[in-house]
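Architecture at a glance
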Amino acid sequence: FVFSIWYHTWHAFLLYFNNKNKVMKLYALPIRFGFATAGCLIAYFLILSLMGLHTNPFYSIFNGVITGFGIYESIKFFKSSKGSDFGYGMGFTAGVLTGFVATLIFTIFFALYSTELNTAFLEQLSPTWYDKYASFQAIVFFTVAIMGFATSLVLTLAFMQLFKASNNLKKKRI
């Protein structure tokens, strides 16, 4: 009886650990691409900062290009690693996870940069709003996060149109 309980407990533990390992393998690649994308976003922001262009919102358009490239590559590598097991849901999850990880890390960096490294940054970004609203910092950080999450979602949906399997029937030549 004791052996049976020990055996079933051990078997349940191994099944749990094995499934947990599969889940971790499923998310490891998109998380790594998310970190790489965040690193590129941070490097781009710091280069703009060195040139004094980081207060011009026009240059943030290129953030979408960087994020898009990271998401595209993440889905592409994920599809090649899964082969025939690749499905729309798996690719969508990989793309969204990549974008969300990158956005989260960049938003944390942005908050630290604007509150600790360059405290005059937010005032330079928008002097009118800085003086008018007491919670201007929170508004900017929230906006950066929402813009990143929305960009990630839209780009993932767009890129999955390229990677999904076609449901169209093949036309027969007459």
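The rules we used
Residues numbered from 1 in each chain as written. Predicted model: local features only at pLDDT ≥ 70, side-chain atom pairs only at ≥ 80, totals over all residues. Heavy atoms only, no water. Helix = DSSP H or I, 4+ residues; strand = E, 2+ residues; numbered from the N terminus. Buried < 20%, exposed > 50% of the residue type's maximum accessible area, 1.4 Å probe, protein only. Contact = heavy atoms within 4.5 Å. Axes fitted to C-alpha atoms, helices over the stretch in contact; angles between N-to-C directions. Parallel < 35°, antiparallel > 145°, perpendicular 65-115°, else oblique. Left-handed = near helix turned anticlockwise from the far one by under 90°. Nonpolar A, V, L, I, M, F, W, Y, C, P; charged D, E, K, R; others polar. Salt bridge = Lys/Arg side-chain N within 4 Å of Asp/Glu carboxyl O. Phe/Tyr/Trp six-rings, centres within 6.5 Å; stacked < 30°, edge-to-face > 60°. Expected span 1.5 Å × (residues − 1).

Within the secondary structure layout, Gly99 lies in helix 3 (residues 88–117). A residue is classified by how much of its surface remains accessible, and Gly99, at 1% relative accessible area, is buried. Sequence-wise, Gly99 and Leu155 are 56 residues apart; in three dimensions their C-alpha atoms are separated by 8.9 Å.

Turning next to the environment of Gln124. Along the chain, Gln124 turns up in helix 4 (residues 121–125). Given a relative accessible area of 44%, Gln124 falls into the partly exposed group. The sequence separation of Gln124 and His54 amounts to 70 residues, and the corresponding C-alpha distance is 9.6 Å. When near neighbours in sequence (up to four residues on either side) are disregarded, Gln124 contacts His54 and Thr55.

Let us look at the packing of helix 2 (residues 61–82) against helix 6 (residues 136–163). Running from N to C, helix 2 and helix 6 cross one another at 45°; their axes reach a closest spacing of 10 Å. Judged by the angle between their axes, helix 2 and helix 6 are oblique. Where helix 2 crosses over helix 6, the two elements pack in a sense that is right-handed. Judged by residue contacts, Gly64, Thr67, Gly68, Ile71, Tyr72, Ile75, Lys76 and Lys79 of helix 2 engage Thr151, Ser152, Leu155, Thr156, Phe159, Met160, Leu162 and Phe163 from helix 6. Within the contact of helix 2 with helix 6, the residues separate by chemical class into 8 nonpolar, 6 polar and 2 charged.

Within the structure shown, the criterion is met by 1 salt bridge. Linking Glu73 and Lys76 is a salt bridge whose minimum nitrogen-to-oxygen distance equals 3.4 Å. Here Glu73 pairs with Lys76, and both are found in helix 2, just 3 residues apart, close to one helical turn. When its relative accessible area of 35% is taken as the criterion, Lys76 is described as partly exposed.

Looking now at the packing of aromatic side chains. Tallied over the full model, the rule gives 15 aromatic pairs. Their ring planes at 55° and their centres at 4.7 Å tell us that Phe100 and Phe149 sit as a pair that is tilted. One end of the pair, Phe100, is in helix 3; the other, Phe149, is in helix 6, and 49 residues separate them in sequence. Assessed through its relative accessible area of 27%, Phe149 is described here as partly exposed. With a centroid separation of 6.0 Å and 35° between ring planes, the pair formed by Phe109 and Tyr113 is classed as tilted. Within this pair, Phe109 and its partner Tyr113 are both found in helix 3, separated by 4 residues, close to a single helical turn.

As a further point, take helix 6. One full turn of an α-helix is made of 3.6 residues, so residues set three or four places apart face in the same direction. Taking 1.5 Å as the rise per residue, helix 6 with 28 residues should run 40 Å; its terminal C-alpha atoms sit 40 Å apart, in good agreement. Taken together, the buried positions of helix 6 are occupied by Phe136, Val140, Phe141, Val144, Ala145, Gly148, Ser152, Thr156, Phe159, Met160 and Phe163.

For the rest of this paragraph, the subject is the environment of Met160. Within the element layout of this structure, Met160 appears in helix 6. Spatially, the C-alpha atoms of Met160 and Tyr72 are 8.8 Å apart, while their sequence positions differ by 88 residues. Those residues in contact with Met160 that lie beyond four places of it in its chain are Ile75, Phe86, Gly87, Tyr88, Gly91 and Phe92.

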